[in-house]
Amino acid sequence: MISLDIRKKLLGINLDVDLEINSGDFIALSGKSGSGKTTLLRILAGLEDARGEIKIEDEIWLDAKVKKAIQEREIGFVFQDYALFENMSVEKNLLFVSNDKELCEHLLKITHMNEYKNHLPSQLSGGQKQRVAICRALMRKPKLLLLDEPLSALDPQTRSSLQSELLTLHNEFKTTTILISHDPSEIYKLASRVIVLDAGKVINDGSPKDILLKTKGSQKLSFSGELLDIKKIDVIYVAIVAIGQQIVEVVINEDEVQNLKIGDLVSLSTKAFSPQIRKT
Ligand SMILES: Nc1ncnc2c1ncn2[C@@H]1O[C@H](COP(=O)(O)OP(=O)(O)OP(=O)(O)O)[C@@H](O)[C@H]1O
């Protein structure tokens with residue numbers, strides 16, 4: 001269990017977050033620009049001061065008396081920019097953190113980077129660099145993995161592959177993870193819980209399905225999207241589809257289920273009802 005109760009006065013807002021996170025959870029942290037997401041991660045990492053308490057299992061990282069230094073906190077941190085050691089090979093970047101050769105090889109294998117282990121970062125693509133950054137963050141077997149929009153600079157296909165690899169790594173290592181993301185399909189694929197910040201406060205907290213699904217009314221229009229999931233609820237099947245920045249659910253029949261697979265590009269339309277417009 002991770003518990004945090006953090007307060008900090010920022011420019012224009014007061015960050016005030018009180019949360020409990022189960023060990024092994026994959027949390028997506030979302031919210032408008034300037035709502036305090038990066039600052040919260042930096043406080044957890046020990047890169048910024050704050051008032052309050054941070055407790056990781058039985059260990060206090062922050063309270064009125066204690067403030068553990070960054071190197072004493074067992075965290076892995078990956079930012080949008082790669083921050084690798086440019087003069088070291090991929091393998092040396094990992095072994096610099098911990099000399100566990102077996103773990104190094106295993107991580108590079110999962111992320112399909114084994115054949116690049118002797119390359120320098122300057123010889124890698126953006127996606128490959130970010131794979132190395134994620135592996136390096138896991139080399140110290142952290143209690144907490146903090147990911148600040150690590151995939152946002154990547155093209156959609158590379159981003160999707162890295163999402164799958166992150167999921168494989170999370171299923172294997174069960175590292176408690178907090179990922180800052182604005183992408184609903186990424187959040188739906190990866191997270192078990194979504195926390196939404198606004199002006200420094202938690203305004204929404206729940207499962208990706210509860211937070212992301214917005215299915216009010218129906219549209220006599222056609223949208224294209226990606227099929228994320230098919231769920232059987234009692235006797236009906238529900239397809240979960242990502243359309244742009246939104247995720248919707250659609251009831252489908254058994255024949256349609258046979259013809260669809262997760263990841264398919266689909267179009268969504270309705271003939272029976274008139275479109276509705278509503279002020280949001
Ligand atoms: N060290 C600091 N001291 C005071 N104010 C700060 C500090 N760091 C950030 N801020 C302010 O706190 C607010 C939240 O910034 P933060 O970068 O945490 O937001 P964010 O939700 O991560 O935004 P984005 O999605 O754009 O990255 C901003 O108004 C920012 O100017």
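As shown above, the structure is provided for reference.
Residues numbered from 1 in each chain as written. Predicted model: local features only at pLDDT ≥ 70, side-chain atom pairs only at ≥ 80, totals over all residues. Heavy atoms only, no water.

## Let's talk about the sheet that holds strand β4 (residues 51-56)
Sheet strands pair via backbone hydrogen bonds, and the direction of the pair is either parallel or antiparallel.
Inference 1: A sheet is described by the order of its strands in space; here four strands give the open sequence β2-β1-β4-β5, paired in antiparallel fashion. The open sheet is flanked by β2 (14-21) and β5 (59-62), the only strands paired with a single partner. Pairwise comparison of adjacent strand axes, ignoring direction, gives a mean angle of 20° for this sheet.
Inference 2: Where strand β1 (residues 2-9) lies against β4, six bridges are found, and the strand directions are antiparallel. Counterpart to S3 in the pairing with β4 is K55. (Pairing = 2+ DSSP bridges. Helix = DSSP H or I, 4+ residues; strand = E, 2+ residues; numbered from the N terminus. Axes fitted to C-alpha atoms, helices over the stretch in contact; angles between N-to-C directions.)

## A few points about the nonpolar core
Inference 1: Of all hydrophobic cores here, the largest spans 43 residues; its most connected members are L94, L107, L108, V132, I134, M139 and I247.
Inference 2: Viewed by domain, this core spans two of them, domain 1 (2-211) and domain 2 (213-268), each represented by three or more residues.
Inference 3: Not counting residues within four places of it along the chain, the set of residues in contact with M139 comprises L94, L95, V97, S98, D100, L103, C104 and L107.
Inference 4: Core analysis: the second largest hydrophobic core is formed by 27 residues, V17, L41, I54 and W61 among them. (Core = buried A, V, L, I, M, F, W, Y, C linked by side-chain atoms within 4.5 Å. Buried < 20%, exposed > 50% of the residue type's maximum accessible area, 1.4 Å probe, protein only. Domains from an automatic or database assignment. Contact = heavy atoms within 4.5 Å.)

## A short note on the environment of I2
Inference 1: With respect to the secondary-structure elements, I2 resides in strand β1.
Inference 2: Sequence separation of I2 and P156 is 154 residues, and the distance between their C-alpha atoms is 32 Å.
Inference 3: For I2, the residues in contact, after removing those within four places along its chain, are L19, E20, I21, K55, I56, L144 and T176.

## Re the packing of aromatic side chains
Inference 1: Here the structure, examined in full by the defined rule, presents two aromatic pairs.
Inference 2: Considering the side-chain rings of F77 and F79, the 4.2 Å spacing of their centres and the 15° angle between planes classify their relative orientation as stacked.
Inference 3: For F77, a relative accessible area of 18% puts it in the buried group.
Inference 4: Judged by relative accessible area, F79 falls into the partly exposed class, the value being 29%. (Phe/Tyr/Trp six-rings, centres within 6.5 Å; stacked < 30°, edge-to-face > 60°.)

## Digging into the site of the ligand
Inference 1: The environment of the ligand is made up of L10, L11, K32, S33, G34, S35, G36, K37, T38, T39, E48 and H182.
Inference 2: G36 is positioned such that a nitrogen or oxygen atom in its backbone is 3.0 Å from an oxygen atom of the ligand.
Inference 3: Separating an oxygen atom of the ligand from a side-chain N or O atom of K37 is a distance of 2.7 Å.
Inference 4: Here the ligand loses 65% of its free accessible area of 640 Å² to cover by the protein chains.
Inference 5: Per-class residue counts for the shell around the ligand are two nonpolar, seven polar and three charged. (Near = heavy atom within 4 Å. Polar contact = N/O pair within 3.5 Å; in protein donor to acceptor, adjacent residues only side chain to side chain. Areas by Shrake-Rupley, 256 points an atom, 1.4 Å probe, with all protein chains shown as cover. Nonpolar A, V, L, I, M, F, W, Y, C, P; charged D, E, K, R; others polar.)

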